[in-house]
Amino acid sequence: MQFSPIKWQSLNIEYSFSDKYSPISFFDFQKNAQNAILQFGLADTGSCLILKTETLPEFLTEINSFLTKQHIQATIKNEFNRNSLFGYYFYLEKENRIENVEGILQALENGVLLLNINTLLLDLTQWDKLKQALLFKHYEPCMVNAVPKAQPTIQAEFKLILVGSRDDIATLYAYDDSLYQFCQYAEIESYLAVSEPIQIEQWGNYVQTFTQKLLNKSFSHKALNQLLRHYIRESENQKLISISPTLLKKHILAIATFYPNQNEFADIQDYLTTLEQQSAVLNQYVLQDILDNQLYIETEDEVVGQINALSVVEFDGVPYAFGEPLRISCNIQYGDGEIQDIERKVELGGNIHSKGIMIAESCLANLLEFPTQLPFSASLAFEQSYGEVDGDSSSLAIFCVLISALTKLPLPQSFAVTGAIDQFGNVLSVGGVNQKIEGFFNICQARELTGKQGVIIPSVCLSHLSLKPEVLSAIREKRFHIWTVENVSEAIQILLQHAFYDEDLPEESEQSSIYALVHQQIENNQSEGTSGSTLQKLCKLFFKAR
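Described in the following lines is the structure provided in the data block. Not measured: the values here are computed from a predicted model.

1. Topic: unusual backbone geometry
Inference 1: Within the chain, Asn110 stands out as a residue other than glycine whose phi angle is a positive 65°.
Inference 2: Turning to its location among the elements, Asn110 is positioned in the loop between α4 (104-108) and β5 (112-116).
Inference 3: At Glu236, a residue that is not glycine, the phi angle is positive and equals roughly 55°.
Inference 4: Structurally, Glu236 is set in the loop between α10 (221-235) and β12 (240-242).

2. Notes on the pattern of salt bridges
Pairing between side chains of opposite charge can happen when their charged atoms approach one another.
Inference 1: All told, the structure shown has 10 salt bridges when counted by the stated rule.
Inference 2: A salt bridge links Glu276 to Arg233, with the nearest nitrogen and oxygen atoms 3.6 Å apart. Remark: Arg233 occurs in helix α10 and Glu276 occurs in helix α12 (residues 269-277); sequence separation between them is 43 residues.
Inference 3: Judged by its relative accessible area of 19%, Glu276 is buried.
Inference 4: Note on Arg233: relative accessible area 12%, which makes it buried.
Inference 5: Put simply, Glu477 and Arg479 hold a salt bridge, and the shortest N to O gap is 2.7 Å.
Inference 6: Glu477 sits in the partly exposed class, given a relative accessible area of 43%.

3. Some points on the sheet that holds β5
Inference 1: In spatial order, the strands read β2-β5-β8-β1-β9; together these five strands make up an open sheet with parallel pairing. Sheet topology places β2 (74-77) and β9 (183-187) at the edges, where each strand pairs with a single neighbour. Strand-to-strand twist of the sheet, defined as the mean angle between neighbouring strand axes without regard to direction, takes the value 20°.
Inference 2: By the bridge criterion, four bridges tie β2 to β5 in an arrangement that is parallel. Residue pairing across strands places Ile76 opposite Leu114, the latter belonging to β5.
Inference 3: Packed on one face of the sheet, helix α6 (residues 125-136) meets β1 (48-52), β5 and β8 (159-164) and runs near 145° to β8.

4. Side note on the packing of aromatic side chains
Inference 1: A full pass over the atoms with the stated rule returns 21 aromatic pairs.
Inference 2: Geometrically, the ring pair formed by Phe258 and Tyr271 is edge-to-face, given 5.9 Å between the ring centres and 65° between the ring planes. A residue pair is termed long-range when its members are at least 10 positions apart, and Phe258 in helix α11 (residues 245-258) and Tyr271 in helix α12 qualify at 13 residues.
Inference 3: Exposure remark for Phe258: the relative accessible area of 35% places this residue in the partly exposed category.
Inference 4: A relative accessible area of 4% means that Tyr271 is categorised as buried.
Inference 5: Ring plane angle 25° and centroid distance 6.2 Å describe the contact between Phe399 and Phe500, whose orientation is recorded as stacked. Of this pair, Phe399 sits in helix α16 (residues 395-407) while Phe500 sits in the loop between α19 (488-496) and α20 (514-545); the two residues are 101 residues apart in sequence, bridging distant segments of the chain. Grouping residues by exposure puts Phe399 and Phe500 together as buried.
Inference 6: Taken together, the ring pairs in this structure connect Phe26, Phe27, Phe59 and Phe66 into an aromatic cluster.
Inference 7: Just above the ring of Phe40 sits the side chain of Lys159; from NZ or CZ to the centre is 5.5 Å.

What counts as what
- Residues numbered from 1 in each chain as written.
- Predicted model: local features only at pLDDT ≥ 70, side-chain atom pairs only at ≥ 80, totals over all residues.
- Heavy atoms only, no water.
- Helix = DSSP H or I, 4+ residues; strand = E, 2+ residues; numbered from the N terminus.
- Salt bridge = Lys/Arg side-chain N within 4 Å of Asp/Glu carboxyl O.
- Buried < 20%, exposed > 50% of the residue type's maximum accessible area, 1.4 Å probe, protein only.
- Pairing = 2+ DSSP bridges.
- Axes fitted to C-alpha atoms, helices over the stretch in contact; angles between N-to-C directions.
- Contact = heavy atoms within 4.5 Å.
- Phe/Tyr/Trp six-rings, centres within 6.5 Å; stacked < 30°, edge-to-face > 60°.
- Lys NZ or Arg CZ within 6 Å of the ring centre and 35° of its normal.

Shown next as structure tokens:
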């Protein structure tokens, strides 16, 4: 069976946006939150609504704007403390009088209070008092010094909206597990799930509406598609597009600065390229090390037991991840044994990495029908890797390099491979596919594209792709290729040009399958091992007799 690389047309993301747009706001995408807020507006005082959301100013502004449209006037407090929230009494000894400083709750008068949970967590005992005030409509006054006589409880009738991240909500729930006995819950979504083209059109309308409101400007269809592709790279999913007002505002203001005196942003690719280059200094250092052969990565010829895997490099505090190829090597020694993971042995391999190695070993034993103990030993290494390696996205490459070492068939070094596998040989999804492809492409391009270079990725990752224009151009001109695979047999067929099983061979083919080659190699080496052990015994007897 012959496999063909992906055609560039299927990789090109291009939507036909309408010339006229219909105004769409952020909350038009928040149907569940809208329903929750409408129910909250009809509820009596003492009601509480928890909204999982970003607590950035633009999100809070959008929430407040929707509340206002529903005739719900909310008092928003992003920062507060116990005294400012509840008010307090203090005694002026010289004047012999008690002073009352009103708090936020006293000023509400049957209103709605919106609080940031993160601030509430700074002093969780505030929640106990706030909960009492909400449910019982009164609370004990706070005293900042010794007040000579008791003060009456403070009446408070209000509704409460709590906003915060999932982690903050979880922390509050861990403190008070009765939370959802009296609180409603809803989420403000930061991403738009796209299943129909009309939803992409709505996203475009949202961007145009936001830009018009912010700057009285607009985007061309080309620029909208460029921004869309950038967002897909960020989410790694063509079906999940950011609608964050904070992120959109940042981009719009930066684009306006980058392209001054333009009423319509016609082409923003230079801005997007510059945005990435600002964070790509470390990427350039790594690329130069590879080109100078300080890091050895081969992109031509064929070698037994060596393969180019693909990784994503992330540095704390740097908002840009980049792809970097890694050379994986494998040595085989026949005889009963196991697969030795050198990274794990020297404590550079993480738990998920070790899991990937074990799955590759189990998959190999399953597909090749080995006995319970492997009839060979193998050592695997990520060459010139000096930091911790983790993740299972190299397990497909590990399987392929094991097959190469077992069969003595060379692997083309013009390929790079990424993909996780299960114990049955299915190739599973991995992350960072765009960066991985582009990382290998950059090296091949710098050394000159030959038309034989490319990458193998899981088929399920095709929907993750939003590649840079230069990569798409090279694929269109057939100077670089992308293959997608669903199982290890397909990857082996592409790399080694051999069918995995005898039944997959073409009729009247004289070529051996991978299954047959592996078992033949093992059988030959076991025969040689038996002969060798007999000779060793005879030599020992001879020298003993002397």
